[in-house]
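Residue-level structural notes
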Amino acid sequence: MTKSLTDHPVHLNLALTPDNWLPLLNPQHHLLLFLSFIFGVVGIEVSAGHAREVKNVQRNYPIAVFAAAIIGFITTLLGGLAVAIVVPATRLNMVSGTVQALQHLFTTWHLGMLLPFAAILIAFGAAGQVSTWILGPIKGIWAASRTGILPTPFQEANQHGVPRNLLLVQAVFMSTVALLILVMPSVNMAFLLLTSLAVVLYCFMYLLLFTAATEV
């Protein structure tokens, strides 16, 4: 185990070996890493549901998408490395790893009273991320439903142009899926299962998306 400039331990494995720096050489041992990487880049297209609200969409929307992809990749990479440096791999919780790292840092610098505020900020950030994911796909389904492929109640929207009925159906369905966490042996296992399901569904959707684009 190496130490940082402040003489604190660095828990990230920095060994200069091919398997350590290129873990996908053994994908069967690093499935979680692969799923996390894929999960970190999916969802860029969800914002397309709001493209009509962008000024000069042909110019500004592609710039926004590429900027979001680059910034998201960099911040996710640096954030993951920061957590891996601070928290030992054997104690790392996949759900609350960020809070674990902040707790360790605040305790080290005697700033433990800041942890609740940091947790609240993380919760607000997650809520902001989820709000985009919730409405984006539903607006796509709503646009398709207006051609008549879904019953009339699902074609309606409120005064703000939000398909409320479809959102309610989505809320019920996803709440039911989220209840899996109650029957899994651990929170980590439930998180891994739900993340894996999301990645598989996204990969299938991308295949359909690319196929449709090719046909056009």
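From a predicted model like this one, the values you see are computed outputs, not experimental measurements. (Residues numbered from 1 in each chain as written. Predicted model: local features only at pLDDT ≥ 70, side-chain atom pairs only at ≥ 80, totals over all residues. Heavy atoms only, no water.)

1. Quick word on the overall build of the protein
The helix and strand inventory of the protein stands at seven helices and two strands. When the helices and strands of the protein are placed in sequence order, the string is β-β-α-α-α-α-α-α-α. Looking at the 216 residues of the protein, the share that counts as buried comes to 15%. Within the protein, counting contacts between residues at least 6 apart in sequence, those at least 24 apart form 45% of the total. (Helix = DSSP H or I, 4+ residues; strand = E, 2+ residues; numbered from the N terminus. Buried < 20%, exposed > 50% of the residue type's maximum accessible area, 1.4 Å probe, protein only. Contact = heavy atoms within 4.5 Å.)

2. Quick word on unusual backbone geometry
Note: most peptide bonds trans; most residues except glycine with negative phi. Notably, N56 is not glycine yet its phi reads approximately 50°, a positive angle. Relative to the helices and strands, N56 is located in the loop between helix 2 (31-41) and helix 3 (57-86). Look at N56 and you get partly exposed, because its relative accessible area is 49%.

3. Observations concerning helix 3
Look at helix 3: 42 Å from first C-alpha to last across 30 residues, which is about the 44 Å you get at 1.5 Å a residue. On its buried face, helix 3 sits against helix 4 (97-108). (Expected span 1.5 Å × (residues − 1).)

4. Here we look at the confidence of the model for the protein
When pLDDT is averaged along the protein, the result is 76; 78% of the residues meet or exceed 70. Helix 6 (residues 164-178) holds the highest mean pLDDT among the elements of the protein, 87, whereas strand 1 (residues 2-3) holds the lowest, 54. (pLDDT = per-residue confidence, 0-100.)

5. Some details on the side chain of S145
In this structure, S145 sits in helix 5 (residues 115-149). Exposure remark for S145: the relative accessible area of 0% places this residue in the buried category. Looking at S145, its side chain comes within polar contact range of the main-chain oxygen of W142, at 2.6 Å. Side-chain polar atoms of S145 contact the backbone oxygen of F154, separated by 3.4 Å. Leaving out residues up to four positions away in the same chain, S145 has contacts with L150, F154 and Q155. (Polar contact = N/O pair within 3.5 Å; in protein donor to acceptor, adjacent residues only side chain to side chain.)

6. Section: a nonpolar patch on the surface
Judged by side-chain polarity, I70, F73, I74, L77, L78, L81 and I85 come together as a nonpolar surface patch covering roughly 620 Å² of accessible area. Within the element layout of this structure, I74 appears in helix 3. (Patch = residues over 30% accessible without salt bridge, like charges linked within 9 Å, V, L, I, M, F, W, Y side chains within 5 Å. Areas by Shrake-Rupley, 256 points an atom, 1.4 Å probe, with all protein chains shown as cover. Salt bridge = Lys/Arg side-chain N within 4 Å of Asp/Glu carboxyl O.)

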